[in-house]
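Reading the structure
Listed below, chain by chain, are the residues.
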Amino acid sequence: MAEPKGVMVFGESVQGTLAAISGELLGCGKQLADALKEELVCILVGSQLGDAPKNAIAAGADKVYTVEDAMLADYQTDSYLMVMEKAIKDISPRILLMGQTSIGRDLAPRLAFRLGVGLAMDTVELSIDPQSRLLQETRPVYGGNARAIFVSEAFPQIATVRSKAMSPLAPDASKQGEVIPLKVELDPSKIRTKVLQTVKEELAGIKLEDAQTIICGGRGIGGPEGFKQLEELAKVLKGAVGASRPPCDNGWVPDTTQIGLTGKIVAPELYIAVGVSGSSQHLAGCSGSKNVVAINKDAEANIFKEARFGVVGDWKQVLPAFAEKVKELLAG
Amino acid sequence: MPVNMIVCCKQVIDPEAPPASFKIDPASNQVIPPPGVPPVISPFDEQAVEAALRIKDSQGGKITVLSLGNNLLRDVVKKPLSMGADELILLEDPAFEGGDSWSTAYALTMAIKKIGQFDLIFCGRQAADWDAGQIGSGIAELLGIPSVTVAKKVEVADGKAKVERVLADGYQVIEVTMPALITVSNELGEARYATLKGIMAAAKKQPVIWKPADIGVEPGQIGAAGRKNKLLKLFQPVKEGKCELIEADSPAEAGVKLAQRLREAKLF
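If you're wondering where the values come from, they're calculated on a predicted model, not measured in any experiment. (Residues numbered from 1 in each chain as written. Chains lettered and ligands numbered in written order. Predicted model: local features only at pLDDT ≥ 70, side-chain atom pairs only at ≥ 80, totals over all residues.)

Some thoughts on the overall build of chain B
- A tally of regular secondary structure across chain B gives seven helices and 15 strands.
- Dimensions of chain B, computed from C-alpha atoms along their principal axes, come out at roughly 65 × 45 × 40 Å.
- A total of 268 residues make up chain B; the buried ones form 47% of that total.
- In chain B, the proportion of contacts linking residues at least 24 apart, taken out of those at least 6 apart, comes to 72%. (Helix = DSSP H or I, 4+ residues; strand = E, 2+ residues; numbered from the N terminus. Buried ≥ 20, exposed ≤ 12 C-beta atoms within 10 Å, placed from the backbone. Contact = placed C-beta atoms within 7 Å.)

Points about the interface of chain A and chain B
- Chain A puts 72 residues into the contact, and the matching count from chain B is 66 residues.
- Class assignment for the residues of the side of chain A that touches chain B results in 32 nonpolar, 19 polar and 21 charged.
- As judged from the seven bridges shared by strand 13 (residues 193-200) of chain A and strand 11 (residues 170-177) of chain B, these two strands associate in the antiparallel manner. When the bridges of strand 11 of chain B are listed, Val195 of chain A appears paired with Ile174 of chain B. (Nonpolar A, V, L, I, M, F, W, Y, C, P; charged D, E, K, R; others polar. Pairing = 2+ DSSP bridges.)

So, the pairing of strand 12 (residues 180-184) of chain B
Residues and elements named next belong to chain B.
- In terms of burial, strand 12 is largely enclosed, as five of its five residues are buried.
- Here strand 12 shows a buried face lined by Ala180, Ile182 and Val184 and a second buried face lined by Leu181 and Thr183.
- Strand direction decides the pairing type here: strand 8 (residues 120-124) and strand 12, joined by five bridges, are parallel. Among the inter-strand pairings, Cys123 is bridged to a residue of strand 12, identified as Thr183.

What to know about unusual backbone geometry
- The omega torsion of the bond from Phe155 of chain A to Pro156 of chain A falls at -5°, within 30 degrees of zero and hence cis.
- For Pro156 of chain A, the position within the fold is in the loop between strand 10 (146-152) and strand 11 (157-161).
- Pro179 of chain B follows Met178 of chain B through a cis peptide bond whose omega is 5°.
- Along the chain, the position of Pro179 of chain B falls in the loop between strand 11 and strand 12.
- In this model, Asn71 of chain B sits at a positive phi of 50°, which is unusual for a non-glycine residue.
- As for its position among the elements, Asn71 of chain B is in the loop between strand 6 (61-69) and helix 2 (74-77).

Structural notes on the domain arrangement of chain B
- Under the domain assignment, chain B is made up of domain 1 (3-226) and domain 2 (238-268).
- Summarising the inter-unit geometry, the C-alpha centres of domain 1 of chain B and domain 2 of chain B are found 44 Å apart. (Domains from an automatic or database assignment.)

Notes on the sheet that holds strand 6 (residues 95-99) of chain A
All names here are of chain A.
- Reading across from one edge, 7-11-6-1-4-5-12 is the order of the seven strands in this open sheet, with parallel pairing throughout. Lying at the two open borders of the sheet, with one neighbouring strand each, are strand 7 (119-123) and strand 12 (178-181). Each strand axis lies, on average, 20° off the axis of its neighbour in the sheet, ignoring direction.
- Two strands pair when backbone bridges link them, and strand 1 (residues 7-11) and strand 6 are joined in this way by three bridges, in the parallel orientation. Looking across to strand 6, one finds that Val9 is bridged to Leu97.
- Running at roughly 155° to strand 4 (residues 40-46), helix 3 (residues 77-91) makes contact with strand 1, strand 4, strand 5 (63-68) and strand 6 of the sheet.
- Running at roughly 170° to strand 11, helix 4 (residues 104-115) makes contact with strand 6, strand 7 and strand 11 of the sheet. (Axes fitted to C-alpha atoms, helices over the stretch in contact; angles between N-to-C directions.)

Notes on the sheet that holds strand 10 of chain A
- With antiparallel pairing, the four strands of this open sheet are ordered in space as 8(A)-9(A)-10(A)-14(B). Because the sheet does not close on itself, it has two edges, and the strands there are strand 8 (125-128) of chain A together with strand 14 (229-235) of chain B. The sheet shows a mean angle of 25° between the axes of neighbouring strands, taken without regard to direction.
- Of the strands in this sheet, strand 8 and strand 9 (135-141) of chain A touch helix 1 (residues 20-36) of chain A, which is tilted by about 15° from strand 8 of chain A.

Here's the deal with the domain arrangement of chain A
Residue and element names in this part refer to chain A.
- Here chain A is described as being made up of domain 1 (7-190) and domain 2 (213-331).
- Averaged C-alpha coordinates put domain 1 and domain 2 at centres separated by 33 Å.
- Counting from both sides, the interface comprises seven residues of domain 1 and, opposite them, eight residues of domain 2.
- Taken together, the residues of the side of domain 1 that touches domain 2 sort by class into one nonpolar, four polar and two charged.

A look at helix 1 (residues 43-59) of chain B
Residue and element names in this part refer to chain B.
- The end-to-end C-alpha distance of helix 1 is 25 Å, a good match for the 24 Å that 17 residues give at a rise of 1.5 Å each.
- The set of residues buried in helix 1 consists of Phe44, Asp45, Glu46, Gln47, Ala48, Val49, Glu50, Ala51, Ala52, Leu53 and Ile55.
- With its phi angle positive at about 80°, Gly60 sits one or two positions after the end of helix 1. (Expected span 1.5 Å × (residues − 1).)

Topic: the nonpolar core
- Grouped together as the largest cluster of nonpolar side chains are 137 residues, with contacts concentrated most on Leu97 of chain A together with Val7, Phe122 and Ile182 of chain B.
- When near neighbours in sequence (up to four residues on either side) are disregarded, Val7 of chain B contacts Ala48, Val49, Ala52, Ile63, Val65, Pro80, Ala85 and Phe122 of chain B.
- Counting residues in hydrophobic clusters, the runner-up holds 52 residues, among them Leu233, Val253, Val293 and Phe322 of chain A. (Core = buried A, V, L, I, M, F, W, Y, C linked by C-beta atoms within 7 Å.)

Remarks on the environment of Gly16 of chain A
Residue and element names in this part refer to chain A.
- As for its placement among the helices and strands, Gly16 is situated in the loop between strand 2 (13-14) and strand 3 (17-18).
- Along the primary structure Gly16 and Arg110 are separated by 94 residues, whereas in three dimensions their C-alpha atoms are 26 Å apart.
- Residues contacting Gly16, with those up to four places away along its chain left out, are Gln48, Leu49, Gly50, Asp51 and Ala52.

Following this line, the structure appears as structure tokens:
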């Protein structure tokens, strides 16, 4: 293997465009590459990458490697692992960044163990130590109660990055960069899984990850009926409804509404938490919100520590009056 | 067809302990266990036991539970037995302490090789303490078997496992050859309670204890000595905690005032 050099981002494409998380990785990767005075490259794997390579260059990549094959249409651990093992051996980057996504959280640990190197998952801060030139990786631990800084000394240093933790660069469509197709021989007999079906459970209305306003219900909502009130308020505010874990575990709302460490990570302008206690694992999913508003009858609830505005009171009495006034103010 | 299963379970500080009781010893970079709050099996691992029990319920089989650590509390690590698991093996030795995903996955892999026969291995998607989320995939890679992560449903038929894998916007049904490793997510549903009969049966069972030499590992490969990820610092982020509480004579009035305040702040 050549001497490890440069920063590589494992990019993901969605319907022929670069995924938002990959833009964030390139934004962060650019800072790391600049600190090392080395190159930033992106690798894209799939069956129809479309504009994604171009998007990756506009988002900061100096070079884009592509691996396109019909067998790579669906993410499968074994096939993507074969591709990445080969790419890492050929390109030999110092650092590999992946998104903490369905793909990244599955692929990164298997790849790290195959290569025999360390890995930090779900990182929120990355920096280069000027003395050692090694990547220092900060990640929340203990369900968000604490943070830990790790370093590993074998190359590539691998980290997955939490969505919305890093900022993308402003896309520069005039930026030039090379797109290099990589050939990887895929042995179908070594792919031990088969995707039988992909089921979309998308919720109606604005996607949680894209919403600028989120109304989040917690255990205090008490049942599925209460969530109807949150839906109405969300409509008025043109936002989306999310939930902490208990309403999902109790079947009041679909699992795909869950916000938290093991659910969705959101960072809206306005996050209204109703009947949410504010466990660390929930806050891990919403602490990037610009303005948290808490309505909870327990004045000691942890959510008030995260909130900019709060009302201590029973949401069943607070919320209808709040919703009415919001409507009135929007109409006026 | 009876299914031979192994479940990896970790004893952790109770993640449901009040956040105010969470303390770190900065000198040792370790969490100080909250006084009076006993440890638990990591919740995702309990759900991994549940996934295995559902398969045992439907078609029979055997469940061996594997836990690693030092000074493991018998009442805690025996819980999977009281839920219905058949055997408990403890990798228990001071040398296993202070490990990272690498050294822990390595020791578990060597123990699984010693167990020998299995169709499925289950792990929680991540442990409630370090949230690393690497052990399951790591064991699968070291054993050279396929893995499916973040499962919400697992069934076995015709020598293969059918797994529903949770995605951000739904799920995927994946068929995988056995032997395989599967990590379990909370969407699987709550783990069952121990029955009285189960607790009595568990009380009679003695765990099997394996030391590093029993699984053929050198002390330098396990625990703190076998780490690849060096911990530089463990700290609690400082929260500003400046919440403006809306004061009013009634909850409804507070709701009205909150709307006005958010409007002034141009938040809608």
